[in-house]
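Geometric and topological summary
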Amino acid sequence: MATTSAKDGAIDLEAFLDRLARDGESIVIERDGRPAAILAPCDDSATRRDPAPSGPTASEAHLKAIMDRSPVEIGLKDTAGRYVMVSRRFEELNGVTNDEVAGKTADDIFPEKIARVIAAHDAEILRTGEVSEREIEVTLDDGVHTYLTVKFPIVDAEGRVTGIGAISSDITERKRAQEALREAYDELEVRVATRTEELTEANRALRAREAQLRQAHQITKLGHWSWDPETDRLSVSPEMAAILGVAPKELEGITNQAYVERFIHPDDREQVWKFGNTRDANKGRFTIEYRLCHSGDTERWVQELGEAMVDEAGEPIGEVGTIQDITDRKRDESALRESEARLRQAQKMEAVGQLTGGVAHDFNNLLGVIMGNAEILADRVGETDPQLGAILRATRRGAELTNRLLAFSRRQALAPRSIDLDELVLGMTDLLARTLGETILVTASKTPGLWRAAADPGQLENALVNLAVNARDAMPGGGKLVIETVNMPLRDSAVAKRHGVSTGEYVSLLVTDNGRGMTPEVLARASDPFFTTKGVGQGSGLGLSMVEGFARQSGGFLTIESAPGAGATVKVVLPRAKEDSERPASGRKAREPKARGETILVVEDDPGVRDLAVSILKRLDYRVIESQDGRAALEILQKPDPIDLILTDVVLPGGLSGPDLVTKGKGWQPGIRVLFMSGYATDVLDDRDRSNAAGELLNKPFRRAELAERVRGALDRPDPV
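Residues numbered from 1 in each chain as written. Predicted model: local features only at pLDDT ≥ 70, side-chain atom pairs only at ≥ 80, totals over all residues. Heavy atoms only, no water.

Structural notes on the environment of L645
Tracing the chain through its elements places L645 in strand 24 (residues 645-649). For the pair L645 and I672, spaced 27 residues apart in sequence, the C-alpha to C-alpha distance is 5.6 Å. (Helix = DSSP H or I, 4+ residues; strand = E, 2+ residues; numbered from the N terminus.)

The following block contains the structure:
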């Protein structure tokens, strides 16, 4: 193989063709000492049989034959860029023949973009006279191809450039392989970096977990032990000694039997012995929980996990295991069970409360109609009529029962005030003594510096009577009832949360008896609605539940302490009043005061209650206008006729409540007085409504005298500021 160097920038085409034709050798075209192209003679038998004709024609034919056998594109051009000869590969790839391209330029054969590149490359060869290679991308039917083109100048014997030679090879696959290799390498680098980072992070996390595990062992003080069945000896760790509350030396050489008798709670020893005698200790693991008799005389729970050890023959050779203090977990579990029990109780109370509250609300309206009309009828036939007396007594008892139901369900209409508990208790002592009988000694005393409580005084009196009656029933042979008051700052948030209140200042009313007391089972259900230990017909079972409902609705709570034979103490805890003194009471006149020419607007959706109120007020000589809802009443207030007082239910149909009616109505009649009616806690005015409407609250069912007094008091109240 001969080598032709293009280092000097030109190739003698004449000599080049002669060597190919004469010697039949392959010729390597080099650039800078590197092979840039190879031209090999064609293995054509016809050419070998017949001597090549002399002259240029034979050389050109021989060169064409060599070029046609080349796997690459070869093209020869003159200095004007016109093709002189191309290889068969050139013809195949470009869809032309040698004769068709002869004398044509790249502009005639290739698209404009490619033709410009080829022309620029040719110009570079003519300008520099050196071999040059360049990559060109061409879009074919099967996609983009990359060609490596090597161009070199062709010179004659005198060294003049007479043409340009071009050799192009498709390096698409090589480029793709190189790109794929580069991408694979880049991906490998990324993977290696990622994996290195992951391993570094894993090692860091592993070290952190190891540190956490060591710390966890230190915090949990997990002890371990081993047992030798032949000697019954235990070997224990220092952590286990700490759990047992003894020094490690005290456990040296201790037997399993001695451990059980000394450290396990007496109530759990039988369970542990039974477990040890019945379990198949030779197979698998075991777990047991029991209580310890701690050195500090405190009861602690532990969990023991063990596993049997066997020799190669499968024979037992002992046991190993761990022991861990689980007292806190047991306490948490107990607290969770208590919380779940309280939640179930609260849900039960809420469900019963909604039922009883709804019934009591409707029943209040019925009782009000019965009671009011019975009182009116009594005026006609005389209050001594036994049938009317029975009706009135029955309605009063019914009203008391509904009040208890509403108190239990926390839906009674309360009117909390700032009250002095000592004054209230001392004022009721004589009444309680007469009510309970001579066999019960009632004692009460004042507490110096006692805070004022925020509560409804009437409902608190009812609660105190209920507690006193319950105490009497617990002392059938007589006894002592002590009523105390005490300030109660509540700072412990856990205690406050347990009772469903916020931390703060409270006032407690304690009622203590020395009766027979309650068993734990009775104590657990003492405040349940309708639960009673009395005989059939002797109690409704609503006494304590009513008191608890009243306390909770007032923002406090109730506790009961009792034991069989040790009496009971019921503590009613009420919030401390924000006011320093009791709110002045409304001015009240004599019983059933009469009208003084005033006009009253009665707004009530229940026709029976409305008719009763209208009838009573008319009997008291008031001019009465009635309305069944707020919107109709608002139309009345817009008229020029003055109205002195609105007597309205809190909740009204039609989307306009009693407070809303009053607020809007004052726009037309600013000086109008207001008295609200309600028998249900959800109807009760909040402080904002009470302030904006400047009205008082009359609880249903009401008696005729109470309605007369409250209406007169509202009318005589000074003008609002």
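Moving on from the model shown.
Overview of the packing of helix 14 (residues 421-436) against helix 15 (residues 457-473)
Pairs of packed helices are described in terms of their axes, by the angle between the two and the distance that separates them. Contact pair helix 14 / helix 15: the axes reach a minimum separation of 10 Å and the direction vectors enclose 40°. Relative to helix 15, the element helix 14 is oriented oblique. Remark: the crossing between helix 14 and helix 15 carries right-handed chirality. Contacts between helix 14 and helix 15 involve L421, L424, V425, M428, L432, T435 and L436 from the former and P457, L460, E461, L464, V465, A468, V469 and R472 from the latter. Counted by class, the contact of helix 14 with helix 15 contains twelve nonpolar, one polar and two charged residues. (Axes fitted to C-alpha atoms, helices over the stretch in contact; angles between N-to-C directions. Parallel < 35°, antiparallel > 145°, perpendicular 65-115°, else oblique. Left-handed = near helix turned anticlockwise from the far one by under 90°. Contact = heavy atoms within 4.5 Å. Nonpolar A, V, L, I, M, F, W, Y, C, P; charged D, E, K, R; others polar.)

Describing the sheet that holds strand 25 (residues 673-678)
Ordered in space as 23-22-24-25-26, the five strands form an open sheet in which the pairing is parallel. Among the strands making up the open sheet, the edge pair consists of strand 23 (623-627) and strand 26 (696-699). The sheet shows a mean angle of 20° between the axes of neighbouring strands, taken without regard to direction. Strand contacts of helix 23 (residues 704-716): strand 22 (599-603), strand 24, strand 25 and strand 26, with the helix running at about 150° to strand 25, the strand carrying the most contacts. (Pairing = 2+ DSSP bridges.)

Let's talk about the nonpolar core
Of all hydrophobic cores here, the largest spans 37 residues; its most connected members are L421, L460, L464, L481, L509 and V572. Residues A595, L647, F702 and V711 belong to the second largest nonpolar core, which totals 23 residues. (Core = buried A, V, L, I, M, F, W, Y, C linked by side-chain atoms within 4.5 Å. Buried < 20%, exposed > 50% of the residue type's maximum accessible area, 1.4 Å probe, protein only.)

Observations concerning helix 7 (residues 112-128)
Its 17 residues place the ends of helix 7 24 Å apart at the C-alpha level, agreeing with the 24 Å of an ideal helix rising 1.5 Å per residue. Among the residues of helix 7, those classed as buried are I114, A115, I118, H121, D122, E124 and I125. Just beyond helix 7, the residue with positive phi is G129, at close to 70°. (Expected span 1.5 Å × (residues − 1).)

Some details on the pairing of strand 14 (residues 316-325)
Where strand 10 (residues 223-228) meets strand 14, five bridges bridge the pair, whose relative direction is antiparallel. Paired with W225 across the bridge in strand 14 is G321. In this structure, strand 13 (residues 299-310) lies alongside strand 14, joined through nine bridges in antiparallel fashion. Bridge pairing in strand 14 places L305 opposite T322.

Examining the packing of aromatic side chains
Across all of its chains, the model carries four aromatic pairs by this definition. Pairing Y83 with F90 gives two aromatic rings, centres 5.5 Å apart and planes at 50°, and the pair type is tilted. By relative accessible area, which is 6% here, Y83 ends up buried. Classification of F90 as buried rests on a relative accessible area of 5%. Centre to centre, the rings of F90 and F110 are 6.1 Å apart; their planes meet at 80°, and the pair counts as edge-to-face. Linking F90 in helix 4 (residues 88-94) with F110 in the loop between helix 6 (106-109) and helix 7, this pair joins segments that are 20 residues apart in sequence. The residues F90 and F110 share a single accessibility class, namely buried. (Phe/Tyr/Trp six-rings, centres within 6.5 Å; stacked < 30°, edge-to-face > 60°.)

Looking at the sheet that holds strand 19 (residues 504-513)
Strands sit in the order 16-18-19-21-20 across an open sheet of five strands; the sheet is mixed. Whereas interior strands pair on both sides, the edge strands pair on one side only; in this sheet they are strand 16 (440-444) and strand 20 (557-562). Here the strands of the sheet are splayed against their neighbours by 20° on average, with no regard to which way each runs. Bridging between strand 16 and strand 18 (residues 479-490) involves five bridges; their strand directions are parallel. Directly across from T443, in strand 18, lies its bridge partner V482. Against the sheet, helix 14 contacts strand 16, strand 18 and strand 19, and its axis sits at roughly 170° relative to strand 16. Here helix 15 sits on the sheet in contact with strand 16, strand 18, strand 19 and strand 21 (568-575), set at roughly 35° to strand 19.

Spatial relationships are all this shows, so hold off on functional conclusions.
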